[in-house]
Amino acid sequence: MRDVAIVAFSQTDHVRSSEEVSEVEMLMPVLHDVLGRTGLRTGDIGFTCSGSCDYLAGRAFSFTMALDGVGAWPPIAESHVEMDGAWALYEAWVKLLTGEADTALVYAYGKSSPGSVRDVLTRQLDPYYLAPLWPDSIALAALQAQALIDSGETDEPALAAIAQRSRTAAEGNPHAQLRGPRPQGGYVVRPLRTGDCPPVGDGAAAVVLAAGDRARELCARPAWIRGMDHRVEPHALGVRDLTDSPSTRLAAERAGAFERPVDTAELHAPFTSQEVVLRKALRLGGSVTVNPSGGALAANPVMAAGLIRVGEAAAAVHRGTCDRALAHATSGPCLQQNLVAVLEGEPHAR
């Protein structure tokens, strides 16, 4: 199997509202920056894949407009997933593994500010039994948090500590929407307080992949993808144990995460309670640095936040601050769909 690496990562500064710019205008600086980091031009890219959501944009096939930011002429090999950009990354990785391309550009974007993202996300639910009840994303996450508290696996002070740690870590992230510890605030939906929930915001991200020696030419220390897998839980929430995530555990196993310890983990946990579930499923001990970027509690652009977790893990490898990292992305209510990637850097003298 070919060796494939992430050789560049870029993202926007995530903000509460970007109403003054369109999706294309928000995306173009990121695309220019990520290509500039490698010296590549659009014509040098063998495959392009994106992740976004038409429901956020409020119009069908909205992703075709974003191609204006990429430049689709001369014709390019392009694909799109109606998912977080981490799943677009998976498709591009498979494309490079087959040998059909040597480089790939992956990008994702989301603008949650124009409407109520809590209501939009109800359209992910089972359309016959659950969606007609309109339980929003925070209400469902609160059910999961309460189940964890009832099982004795966490409590409200422990969740508050996760929020404080994540947002303190975000002080070192210039792209984060929220930086520095904040009061937990009042209840949004009990037992989740304001600090337990992700901010609503807009943002975009992009990565460049390359295979074999091409990756070494483009990056001083590529972040090699040693494994990647994604799995899904049953669609019906009533048949799931919300205190556990078997799909995350299986994806991690298939990606090779348990073969050797990791030193850094970027977890896509939009709610503090979800970090508790993911830590258990991924067997992360106290020696692992979790979400040094601040994670989704500091910035959560829908459809890009999972790709950002992979990008932040890769960037840590590029900088030499991490040797073996785990990146996780999720989509759907209560950690319904989960993707795990394992990234490694080549040995070097620190």
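None of these values were measured; they are calculated from a predicted model. (Residues numbered from 1 in each chain as written. Predicted model: local features only at pLDDT ≥ 70, side-chain atom pairs only at ≥ 80, totals over all residues. Heavy atoms only, no water.)

1. Examining helix α7 (residues 156-169)
Structurally, the α-helix is built with 3.6 residues per turn, so residues lying three or four positions apart point the same way. Taking 1.5 Å of rise per residue, 14 residues should cover 20 Å, and α7 covers 20 Å from first to last C-alpha, within 8% of that figure. Residues of α7 that are buried include every one of Leu159, Ile162, Ala163, Ser166 and Arg167, and no others. Mapping the buried residues of α7 onto a view down its axis gives an arc of 115°, with all of them on the same face. In this structure, the buried residues of α7 make contact with α10 (272-282). (Helix = DSSP H or I, 4+ residues; strand = E, 2+ residues; numbered from the N terminus. Expected span 1.5 Å × (residues − 1). Buried < 20%, exposed > 50% of the residue type's maximum accessible area, 1.4 Å probe, protein only. Arc of directions from axis to C-beta. Contact = heavy atoms within 4.5 Å.)

2. Side note on the domain arrangement of the protein chain
Along its sequence, the protein chain is carved into domain 1 (4-112 + 200-218) and domain 2 (117-197 + 223-344). Each of domain 1 and domain 2 was reduced to a C-alpha centroid, and the two centroids are 22 Å apart. Listed per partner, the contact involves 43 residues of domain 1 and 37 residues of domain 2. Both sides together, the interface formed by domain 1 and domain 2 hides about 3,100 Å², and carbon and sulfur atoms give 70% of it. Ranking the residues of domain 1 by area buried against domain 2 places Ile6, His14 and Trp87 at the top, with a combined share of 21%. In this assembly, domain 1 and domain 2 are joined by zero salt bridges. (Domains from an automatic or database assignment. Buried area = accessible area lost by both parts, 1.4 Å probe. Salt bridge = Lys/Arg side-chain N within 4 Å of Asp/Glu carboxyl O.)

3. Some thoughts on the side chain of Asp196
Mapped onto the secondary structure, Asp196 falls in the loop between β6 (192-193) and β7 (202-211). An unpaired buried charge is present at Asp196: no salt bridge exists, and Arg193, the closest side chain of opposite charge, is 5.7 Å distant. At a separation of 2.9 Å, a polar atom in the side chain of Asp196 contacts the main-chain amide nitrogen of Arg193. There is a polar contact of 2.8 Å between the side chain of Asp196 and the side chain of Thr272. When near neighbours in sequence (up to four residues on either side) are disregarded, Asp196 contacts Leu159, Ala160, Gln184, Pro191, Pro270, Phe271, Thr272 and Leu297. (Lys, Arg positive; Asp, Glu negative; His and termini not counted. Polar contact = N/O pair within 3.5 Å; in protein donor to acceptor, adjacent residues only side chain to side chain.)

4. A short note on the packing of aromatic side chains
For any pair of aromatic rings, geometry is given as the distance between the ring centres together with the angle between the planes. Under the defined criterion, the tally for this structure stands at one aromatic pair. When the ring centre of Trp134 is taken as reference, the NZ or CZ atom of Arg123 above it lies at 4.0 Å. For the cation-ring pair, Arg193 lies above Tyr187, with the distance from its terminal atom to the ring centre recorded as 4.0 Å. (Phe/Tyr/Trp six-rings, centres within 6.5 Å; stacked < 30°, edge-to-face > 60°. Lys NZ or Arg CZ within 6 Å of the ring centre and 35° of its normal.)

5. Quick notes on unusual backbone geometry
Residue Pro191 is reached from Arg190 by a cis peptide bond, and omega for that bond is 10°. The residue Pro191 is located in the loop between β5 (187-189) and β6 in this model. Of note, Asn291 is a non-glycine position whose phi angle comes to about 50°, a positive value. With respect to the helices, strands and loops of the structure, Asn291 is situated in the loop between β10 (289-290) and α11 (305-319). Its identity is not glycine, yet Met303 carries a phi of approximately 80°, on the positive side. Locating Met303 in the fold gives a position in the loop between β10 and α11.

6. Let's talk about the sheet that holds β7
The strands that make up a sheet are held in pairs by hydrogen bonds between backbone atoms, and each pair lies either parallel or antiparallel. The 10 strands are arranged β3-β2-β4-β7-β1-β8-β12-β11-β9-β10 in an open sheet whose pairing can be described as mixed. Strands at the two margins of the open sheet, each flanked by one partner only, are β3 (78-81) and β10. Here strand β4 (residues 103-111) runs beside β7; their pairing, made up of nine bridges, is antiparallel. Along β7, the bridge assignment pairs Val106 with Val207. Here helix α9 (residues 246-255) sits on the sheet and contacts β8 (223-232), β11 (324-331) and β12 (337-344); the angle it forms with β8, its principal contact strand, is near 145°. Of the strands in this sheet, β1 (4-11), β4, β7, β8, β9 (264-266), β11 and β12 are in contact with α11, which crosses β1 at around 110°. (Pairing = 2+ DSSP bridges. Axes fitted to C-alpha atoms, helices over the stretch in contact; angles between N-to-C directions.)

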